[in-house]
Amino acid sequence: MAYATPTALFVTVFFVVPLLFVGRMSASDWPLLSGYQGLNAPANYTEVADGDLLWPAIQFTLLYTVITTVLLIGVALLLALLVQEIRPGVGFFRTAYFLPSVLGLASASLLFWGFYSPSAGPLADLPHRLGLTDGPVSFLGTPTAALLSTVGLVVWKFAGYYMLILLVGLQGIGNDVYEAARLDGASRSRIFFHITLPLLRPSLALTLILSVTGSLLAFDQFFILTKGGPDNSTVTIVQLIYREAFQRLDLGTAAALSVLVLLALLILNLAQFRGLRRADES
């Protein structure tokens, strides 16, 4: 009991108490500058539902989550397979692939903002110099380009981290399983789809949960790269919370939206856990 007390205190002070405070704030009239003005439930929630940017932000966040999750896990799995076997130079490549994950997301976003800059960035003018385009490429000038450019940043940043998780899972698969499959005449594709992927399911489940949760809570990369533009086409749910709190100065509405996001994450994660458990049982 004594060993669990510090953890219980930490969770209570830094999670339970703030969560209750946000719940109370979501049911109150709470301007940022003047503070608590009394209860007004459920006005904040109805105001959130009536917002013009809510549904576009939800649609964009879901689209970004799907694209990022598929590409991120696919690239991470490919990298893990490439560096799975011990051979000369593999340690260098493991380090090189993992190194971008050490960089903070805000710092990485600023770095890519410089790369994407049409005036000073090295990437924008490269297709023009190669004769592929008539002028510098605007990586952030259109909704599609801004989305894909941000996805590229996130994949570069986190693929090495997810590669490490999947690499641990791959190394946990015994060689005797592969040897038995080869003796039975199984091809590489059969070994991959019928042995590697099923035995790698726990690691894939972890990367799936991390990627989906992180993508749904995306903020730094879009705040730095696009500021929600062009024409509010890259506004995420968390950016919408930021706008309500620090641009419209309405902490009550921001808290209500935060509570809804938290509930959606809980439901989604429970659904993922249940689906993965059913897959393991089958």
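Only a predicted model underlies this, so the values are computations on that prediction, with no experimental measurement involved. (Residues numbered from 1 in each chain as written. Predicted model: local features only at pLDDT ≥ 70, side-chain atom pairs only at ≥ 80, totals over all residues. Heavy atoms only, no water.)

Q: I tried to follow the packing of aromatic side chains on my own but got confused; where do I start?
A: Ring pairs (aromatic) are described by centroid distance and by the angle formed between their planes. Applying the stated criterion across every chain yields a total of 17 aromatic pairs. Seen in terms of ring centroids, Phe21 and Trp30 are 5.4 Å apart; in terms of plane orientation they differ by 75 degrees. Their pairing is edge-to-face. A residue is classified by how much of its surface remains accessible, and Trp30, at 12% relative accessible area, is buried. Taken together, a centroid distance of 5.1 Å and an interplanar angle of 55 degrees make the contact between Phe112 and Trp156 tilted. Remark: Trp156 occurs in helix H7 (residues 143-171) and Phe112 occurs in helix H5 (residues 105-116); sequence separation between them is 44 residues. Looking at Phe112, the relative accessible area reads 10%, which means it is buried. Members of the aromatic cluster, joined through ring pairs, are Phe112, Phe115, Tyr116, Phe139 and Trp156. Lys157 extends its terminal NZ or CZ atom over the ring of Phe158, reaching a point 4.3 Å from the ring centre. (Phe/Tyr/Trp six-rings, centres within 6.5 Å; stacked < 30°, edge-to-face > 60°. Buried < 20%, exposed > 50% of the residue type's maximum accessible area, 1.4 Å probe, protein only. Helix = DSSP H or I, 4+ residues; strand = E, 2+ residues; numbered from the N terminus. Lys NZ or Arg CZ within 6 Å of the ring centre and 35° of its normal.)

Q: Would you mind showing me how to read the environment of Thr46 here?
A: With respect to the helices and strands, Thr46 occurs in helix H2 (residues 43-49). Assessed through its relative accessible area of 42%, Thr46 is described here as partly exposed. Through-space distance from the C-alpha of Thr46 to that of Phe139 is 37 Å; in sequence the pair is 93 residues apart. A polar atom in the side chain of Thr46 sits 2.8 Å from the backbone oxygen of Ala43. (Polar contact = N/O pair within 3.5 Å; in protein donor to acceptor, adjacent residues only side chain to side chain.)

Q: Explain the pattern of salt bridges here, please?
A: Any two side chains of opposite charge can pair, on the condition that their charged atoms come close. Counted according to the given criterion, the structure contains three salt bridges. In this structure, the salt-bridge partner of Arg248 is Glu47, at a minimum N-O distance of 3.2 Å. Taken together, the residues Arg248 in the loop between helix H12 (237-246) and helix H13 (251-281) and Glu47 in helix H2 connect sequence positions 201 residues apart. We classify Arg248 as partly exposed; its relative accessible area is 46%. (Salt bridge = Lys/Arg side-chain N within 4 Å of Asp/Glu carboxyl O.)

Q: Looking at this structure, how should I read unusual backbone geometry?
A: Across residues other than glycine, the phi torsion is negative in most instances, and most of the peptide bonds are trans. With omega at 0 degrees, the peptide bond leading from Ala41 into Pro42 counts as cis. Along the polypeptide, Pro42 turns up in the loop between helix H1 (5-26) and H2. With an omega of -5 degrees, the peptide bond between Gly229 and Pro230 qualifies as cis. Mapped onto the fold, Pro230 is located in the loop between helix H11 (220-225) and H12. Even without being a glycine, Asp231 presents a positive backbone phi close to 55 degrees. Tracing the sequence through the fold places Asp231 in the loop between H11 and H12. With relative accessibility at 77%, the residue Asp231 sits in the exposed group.

Q: How do you make sense of the packing of H7 against helix H10 (residues 201-216) when you look at a structure like this?
A: For any two helices packed against each other, one specifies the crossing angle of their axes together with the interaxial distance. Two elements in contact, H7 and H10, have axes separated by 9 Å at closest approach and are oriented at 160 degrees. The angle between H7 and H10 falls in the class roughly antiparallel. Judged by the sense of rotation from one axis to the other, the crossing of H7 with H10 is right-handed. Mapping the contact onto sequence places Tyr161, Tyr162, Ile165, Leu166 and Gly169 in H7 and Ser203, Leu204, Leu206, Thr207, Leu210 and Ser211 in H10. (Axes fitted to C-alpha atoms, helices over the stretch in contact; angles between N-to-C directions. Parallel < 35°, antiparallel > 145°, perpendicular 65-115°, else oblique. Left-handed = near helix turned anticlockwise from the far one by under 90°. Contact = heavy atoms within 4.5 Å.)

Q: I tried to follow the packing of H5 against H7 on my own but got confused; where do I start?
A: Interhelical geometry of H5 versus H7 gives an angle of 130 degrees and a closest axis separation of 10 Å. On the basis of their axis angle, the class for H5 and H7 is oblique. Between H5 and H7 lies a crossing of right-handed hand. Along its contact with H5, which presents Leu105, Ala108, Ser109, Leu111, Phe112 and Tyr116, the element H7 presents Ser149, Leu153, Trp156, Lys157 and Phe158. Residues belonging to the contact of H5 with H7 are distributed by class as follows: eight nonpolar, two polar and one charged. (Nonpolar A, V, L, I, M, F, W, Y, C, P; charged D, E, K, R; others polar.)

Q: Looking at this structure, I do not really get the nonpolar core. What am I missing?
A: Note on soluble globular proteins: their nonpolar side chains tend to be buried together. Ranked by internal contacts, the top residues of the largest apolar core, which has 28 residues, are Tyr64, Ala80 and Leu166. Taken together, the elements giving at least two residues each to this core come down to helix H3 (54-82), H7, helix H8 (175-183) and helix H9 (188-199). Ranked by the residues each element gives to this core, the list is headed by H7, at 11 residues. Ignoring anything within four residues of it in the chain, the contact list for Ala80 reads Met163, Leu166, Leu167 and Leu170. Listed in part, the 19 residues of the second largest apolar core include Ile237, Ala245, Ala256 and Leu265. (Core = buried A, V, L, I, M, F, W, Y, C linked by side-chain atoms within 4.5 Å.)

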